Amino acid sequence: MNLSPDEVVYWQYGVINLNATIVFTWALMIVLAVSAKLITRRLSTSLQRSRWQNLLEIIVTSILQQIEDVGLNEPRKYLDFLGTLFLFVAAASLGTVIPGYQPPTGSLSTTAALALSVFAAVPFFGIKAQGFGNYMKSYMAPTFIMLPFNIISEISRTLALAIRLFGNMMSGGMIIGILLSLTPFLFPIVMTVLGLLTGMVQAYIFSILATVYIAAATRVRKPAPQPEAAS
Amino acid sequence: MAIDWFTIVAQAFNFLILMWLLKYFLYQPILNAIDEREKLIATKLGDADLKMVEAQKEKDEFKQKREEIDQKRADLFRQATEEANVLRQRLIDEARQAAEALSAKRQVTLRNEERDLHQAIRSRTQMEVFDIARKVLADLATASLEERLGEVFTRRLREMDDQTRAGLAEIVKTAAEPVLIRSAFDLPAEQRATIQNALNITFSAEVRVRFETAPDLIGGVELIANGQKVAWSIADYLTSLERGIEALLQEKSKPVAKADAKSEKTEKSETAAKTP
């Protein structure tokens, strides 16, 4: 029993390897991209539209609404990054209903990669919104004494993002694996349903936290509030 | 549980690729579609608003026009009614006037006819009466009667009052033509002589006399000198009588007509005005 899909290696050449995490990620990417392409191939701009288009529109507009609710005034600028975070994590969780599937988010490498992306995206959007100087000043708010603490906070929350998602996703897979060996049939199904719920909640939490961090970084001339880590 | 740095990098790269893929296959098309639809809806709503405004405007216009038409129709109807009433009143008045005029005319015509008839009857009666009288007297008149008449005439000459005699003598003396003695029958020579004699004595002068026979006198003798006349004849009497009756009738029919014919008749018969 593998703790992480990273350990399932299909092909290796030196440091380069092709493990289950990457393969399932590619599979998810293909499914997401192809289904999106298929659905958006014949988009209707009239009042009549297909059910799939309707579904995609609901998803996209809901994400936009959530981003705006958190406090970002121009949600479309952040839709690519935050929406993809949510959709990827959610799709990774949804895939657990397929037997033999191992969620890529169950790998610390993936969650770390996502957390690092957020870690990079926060200053990226912050500098884009307020300019380099202003953004850097926010690390010294309210006083320069707070600079080390702000930096520690930045790193720790990135770590927390990665560990939180990894823990939740990994635990779901682990619990199902353990229960499957103990009590077959009924109980694992219930746990799978619970795992789905947990996965969706984690996808929401991950993307909302990323949004909050970005919103804090892009807020102009305001002392950056220290978002406390949630679990 | 180790962190595989290659996997982390690969996953980050994968994430970037997925971001790009979803951006071009999902977000952009979907957002574009939503935007276009919203634009379409906004356009349609705008059009609908515009149409609504136009419809309201047209509705108002039509309402106003309808009210105008109603008003006009009511006005026209009222006007027509008034005109009809006036016309009816006028026609009734005209008809009444015409009827009254006709009635009055008919009455006048009736009265005139009645009057004419009366007059005709009167004239006819008068004429008949005098004709009969003339005829009877003409039948009775003879030469001997004529002689008697001559005698009466000479006596009248003699018995003439002085004033008349003086006036007549003046006329007889100054007359250029001889005095005309008219009688119904031829007077015998001795009668003529008697009259000549009587005249000479009456006017104490030689009077030139011309004798003439006039059957229309019926009976009697007339003396005409320079327009003046001394007469004693039946015709003279009858004329007097006729004139008297005419005057009487004229008085009676005065309020109705002027009796023109009668006055003409009166003028015609104004021959024996003077009675000695």
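Description of the structure in this document. (Residues numbered from 1 in each chain as written. Chains lettered and ligands numbered in written order. Predicted model: local features only at pLDDT ≥ 70, side-chain atom pairs only at ≥ 80, totals over all residues. Heavy atoms only, no water.)

1. Observations regarding the overall build of chain B
Each helix and strand counted, chain B has 6 helices and 4 strands in total. Ordering the α and β elements of chain B from the N terminus gives α-α-α-β-α-β-β-β-α-α. The buried share among the 276 residues of chain B stands at 29%. Contacts spanning at least 24 positions in sequence make up 73% of the contacts within chain B whose residues lie at least 6 apart. When the accessible surface of chain B is totalled, it reaches about 18800 Å², and 57% of it is carbon and sulfur. (Helix = DSSP H or I, 4+ residues; strand = E, 2+ residues; numbered from the N terminus. Buried < 20%, exposed > 50% of the residue type's maximum accessible area, 1.4 Å probe, protein only. Contact = heavy atoms within 4.5 Å. Areas by Shrake-Rupley, 256 points an atom, 1.4 Å probe, with all protein chains shown as cover.)

2. Focus on the overall build of chain A
Broken down by element type, chain A carries 7 helices and 2 strands. Traced from its N-terminal end to its C-terminal end, chain A shows the element sequence β-β-α-α-α-α-α-α-α. Per-residue burial for chain A yields a buried fraction of 45% across its 231 residues. Counted over contacts in chain A with a minimum sequence separation of 6, partners at least 24 positions apart contribute 65%. When the accessible surface of chain A is totalled, it reaches about 12100 Å², and 71% of it is carbon and sulfur.

3. Things to note about helix α2 (residues 51–70) of chain A
For α2(A), which comprises 20 residues, the first-to-last C-alpha distance of 29 Å matches the rise-based estimate of 28 Å (1.5 Å per residue) to within 8%. Positive phi shows up at Gly71(A), right after α2(A), with a value of about 135°. (Expected span 1.5 Å × (residues − 1).)

4. Some thoughts on the interface of chain A and chain B
The interface is formed by 47 residues belonging to chain A together with 31 residues belonging to chain B. Carbon and sulfur atoms supply 75% of the area buried between chain A and chain B, which totals about 3500 Å² over both sides. Applying the counting criterion to the chain A and chain B interface returns 3 salt bridges. With a shortest N-O distance of 2.8 Å, Arg76(A) and Asp35(B) are connected by a salt bridge. (Buried area = accessible area lost by both parts, 1.4 Å probe. Salt bridge = Lys/Arg side-chain N within 4 Å of Asp/Glu carboxyl O.)

5. Brief notes about the pattern of salt bridges
For the structure shown, the criterion picks out 14 salt bridges over all chains. Lys77(A) is paired through a salt bridge with Glu74(A); the nearest N and O atoms lie 3.9 Å apart. Asp80(A) is the salt-bridge partner of Lys23(B), the closest N and O atoms lying 3.6 Å from each other. With one member in each of two chains, Lys23(B) in helix α1 (residues 5–140) and Asp80(A) in helix α3 (residues 75–94) form a pair that bridges those chains. The exposure class of Lys23(B) is partly exposed, given its relative accessible area of 27%.

6. Remarks on the environment of Tyr101(A)
Tracing the backbone through its elements, the reader meets Tyr101(A) in the loop between α3 and α4 (108–130). Taking the relative accessible area as the measure of exposure, Tyr101(A) reaches 14% and is therefore buried.

7. Looking at the packing of helix α1 (residues 20–41) of chain A against α3(A)
All names here are of chain A. One way to put it is that α1 packs onto α3 with a least axis distance of 11 Å and a crossing angle of 110°. Viewed along their axes, α1 and α3 adopt a mutual orientation that is roughly perpendicular. For the element pair α1 and α3, the recorded crossing hand is right-handed. Contacts between α1 and α3 involve Thr25, Leu28 and Leu32 from the former and Leu87, Phe88, Ala91 and Ala92 from the latter. Per-class residue counts for the contact of α1 with α3 are 6 nonpolar, 1 polar and no charged. (Axes fitted to C-alpha atoms, helices over the stretch in contact; angles between N-to-C directions. Parallel < 35°, antiparallel > 145°, perpendicular 65-115°, else oblique. Left-handed = near helix turned anticlockwise from the far one by under 90°. Nonpolar A, V, L, I, M, F, W, Y, C, P; charged D, E, K, R; others polar.)

8. As for the packing of α4(A) against helix α6 (residues 147–182) of chain A
Residues and elements named next belong to chain A. Orientation of α4 relative to α6, taken along the N-to-C sense of each, is 145°, at an axis distance of 8 Å. Like other packed secondary-structure pairs, α4 and α6 cross with a definite hand, here right-handed. Counted together, Leu108, Thr111, Ala112, Leu114, Ala115, Leu116, Val118, Phe119 and Val122 of α4 and Glu154, Ile155, Arg157, Thr158, Leu161, Ala162, Ile163, Leu165 and Phe166 of α6 form the full contact between these two elements. The class makeup of the residues in the contact of α4 with α6 is 14 nonpolar, 2 polar and 2 charged.

9. Quick notes on the layout of surface pockets
A probe as big as a water molecule, rolled over the atoms, marks out the empty space that is left. All names here are of chain A. Volume-wise, the largest pocket comes out at about 750 Å³. Residue lining of the largest pocket: 34 residues in total, with Tyr101, Gly172, Gly173, Met174 and Ile176 positioned closest to the centre. Mapped by element, the contributors of at least two residues to the lining of the largest pocket are α6 and α7 (186–218). Residue contributions to the lining of the largest pocket peak at 11 residues, all from α6. Around the second largest pocket sit 23 residues that line it, and Val31, Leu32, Ser35, Ala91 and Leu94 are the ones nearest its centre. (1 Å grid on protein atoms, 1.4 Å probe; cavity = no way out; pocket = protein on both sides within 12 Å on 5 of 7 lines; lining within 4 Å. Points joined across faces, edges and corners; volume = space filled by probe spheres on them.)

10. Points about empty space enclosed by the protein
In total, this model carries 2 cavities of 30 Å³ or more according to the counting rule given. By volume, the second largest cavity is sized at about 40 Å³. In this structure, the second largest cavity is lined by Thr25(A), Met29(A), Phe88(A), Gln11(B), Asn14(B), Phe15(B) and Leu18(B). Counting residues per element, the ones that place at least two in the lining of the second largest cavity are α1 of chain A together with α1 of chain B. Here the lining of the second largest cavity is built from residues that sort into 4 nonpolar, 3 polar and no charged.

11. Regarding the side chain of Thr21(A)
Looking at the secondary structure, you find Thr21(A) in helix α1. Here Thr21(A) falls in the buried class, since its relative accessible area comes to 0%. Discounting residues that sit within four places of it in the chain, Thr21(A) has contacts with Pro5(A), Asp6(A), Pro104(A), Ser107(A), Thr110(A), Thr7(B) and Gln11(B).

12. Points about a nonpolar patch on the surface
On the surface, Leu116(A), Phe119(A), Met140(A), Phe144(A), Ile145(A), Leu147(A), Phe149(A), Ile151(A), Ile152(A), Ile155(A), Ile3(B) and Trp5(B) cluster together to form a nonpolar patch covering roughly 1200 Å² of accessible area. Of all the secondary-structure elements, those providing two or more residues to the nonpolar patch are α4 and α6 of chain A. It is α6(A) that contributes the most residues to the nonpolar patch, 5 residues altogether. With respect to the helices and strands, Leu147(A) occurs in helix α6. Residue classification places Leu147(A) among the partly exposed residues on the basis of a relative accessible area of 30%. (Patch = residues over 30% accessible without salt bridge, like charges linked within 9 Å, V, L, I, M, F, W, Y side chains within 5 Å.)

13. So, α3(A)
Taking the largest bend as the criterion, α3(A) deviates by roughly 40°, centred on Phe81(A). Counting buried residues in α3(A) gives 16 out of 20 residues, a clear majority hidden from the surface. (Bend = angle between axes of the 7 residues up to and from the residue.)

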